[in-house]
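# Close look at the chain arrangement
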Amino acid sequence: MKHLAAYLLLGLAGNTSPSAEDVKEVLSSVGIEAEEERLTLLLKELEGKDINELIAQGTEKLASVPSGGVGGGAASSGGAAAPAAGGAAPAEAEAAPAAKEEEKEESEEDMGFGLFD
């Protein structure tokens, strides 16, 4: 990762095809020693390729990977679809005022201490 990060930093600075020496120089500037084998492999893999195109391709691939928060949205949208069907709408309408009443009661309760006690 450190070799790739240095390579990308050099690319951002305008060096479109960093050499092994360029990457080593960046790493040594922050006190990191480059691993010759990994650096050689990285440069071999990236040789002749546009890093921006590679990032775009990787982003497309990652977009197809499922991520964790999607399940919660589906459950809530399923609940919203039920009233549209017409079955549970009256029951939910009655439950809503009760919930508001309950919230009001909770806010008025004395919790054993006052704000200015």
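Just so it is clear, the model here is predicted, and its values are computed rather than measured.

### Quick look at the overall build of the chain
- Scanning the chain from N- to C-terminus turns up six helices and zero strands.
- Every one of the 117 residues in the chain was classed for burial, and the buried ones make up 10%.
- Restricting to contacts in the chain with at least 6 residues of sequence separation, those with at least 24 account for 48%.

### Description of helix 3 (residues 36-46)
- The set of residues buried in helix 3 consists of Leu39, Leu42, Leu43 and Leu46. Within helix 3, the buried residues cover an arc of 95° as seen down the axis, which keeps them to one side. Along helix 3, exposed side chains directed more than 90 degrees from the buried face belong to Glu37, Leu41 and Lys44.
- Looking at the buried side of helix 3, the elements it contacts are helix 1 (2-12), helix 2 (20-29) and helix 4 (51-63).
- Gly48 sits one or two positions beyond helix 3 and adopts a positive phi of about 75°.

### Quick word on the UniProt feature "signal peptide" (unreviewed entry) in the chain
- In the UniProt entry, the feature "signal peptide" (unreviewed entry) is given for residues 1-20.
- In this annotation, residues 1-20 is assigned 60% helix and 0% strand; the end-to-end C-alpha distance for the span is 15 Å.

### Regarding the packing of helix 1 against helix 2
- For the pair helix 1 and helix 2, interaxial distance at closest approach is 9 Å and the crossing angle is 105°. Classified by the angle their axes make, helix 1 and helix 2 are roughly perpendicular. For the pair helix 1 and helix 2, contact is made by Lys2, His3, Ala6, Tyr7 and Leu10 and by Asp22, Val23, Val26 and Leu27, respectively.
- Across the contact of helix 1 with helix 2, the residue classes tally to six nonpolar, one polar and two charged.

### Considering the layout of surface pockets
- Roughly 170 Å³ of internal volume is contained in the largest pocket.
- Around the largest pocket, the lining residues are Tyr7, Leu8, Gly11, Leu12, Asn15, Thr16, Pro18, Lys49, Asp50, Ile51, Asn52 and Ile55.
- Here the lining of the largest pocket gets four residues from one element, more than from any other, and that element is helix 1.
- A class-by-class count of the residues in the lining of the largest pocket yields six nonpolar, four polar and two charged.

### Section: the pattern of salt bridges
- Taken as a whole and assessed by the stated rule, the structure comprises four salt bridges.
- Among the ionic pairs, Lys2 bridges to Glu35, the shortest N-O distance being 3.2 Å. Residue Lys2 is found in helix 1, and its partner Glu35 is found in the loop between helix 2 and helix 3; the two are separated by 33 residues along the sequence.
- Taking relative accessible area as the criterion, Lys2 reaches 31% and is therefore assigned partly exposed.

### Comments concerning the nonpolar core
- In terms of nonpolar packing, the biggest core is built from ten residues, these being Ala6, Tyr7, Leu10, Val23, Leu27, Ala34, Leu39, Leu42, Leu43 and Leu46.
- Contributions of two or more residues to this core are made by helix 1, helix 2 and helix 3.
- When residues of this core are assigned to their parent elements, the largest contribution, four residues, is made by helix 3.
- If sequence neighbours within four positions are ignored, Tyr7 has contacts with Thr16, Pro18, Val23, Leu42, Leu43, Leu46 and Ile51.

Thresholds applied
- Residues numbered from 1 in each chain as written.
- Predicted model: local features only at pLDDT ≥ 70, side-chain atom pairs only at ≥ 80, totals over all residues.
- Heavy atoms only, no water.
- Helix = DSSP H or I, 4+ residues; strand = E, 2+ residues; numbered from the N terminus.
- Buried < 20%, exposed > 50% of the residue type's maximum accessible area, 1.4 Å probe, protein only.
- Contact = heavy atoms within 4.5 Å.
- Arc of directions from axis to C-beta.
- UniProt positions renumbered as here; feature names shortened; annotations may be inferred.
- Axes fitted to C-alpha atoms, helices over the stretch in contact; angles between N-to-C directions.
- Parallel < 35°, antiparallel > 145°, perpendicular 65-115°, else oblique.
- Nonpolar A, V, L, I, M, F, W, Y, C, P; charged D, E, K, R; others polar.
- 1 Å grid on protein atoms, 1.4 Å probe; cavity = no way out; pocket = protein on both sides within 12 Å on 5 of 7 lines; lining within 4 Å.
- Points joined across faces, edges and corners; volume = space filled by probe spheres on them.
- Salt bridge = Lys/Arg side-chain N within 4 Å of Asp/Glu carboxyl O.
- Core = buried A, V, L, I, M, F, W, Y, C linked by side-chain atoms within 4.5 Å.

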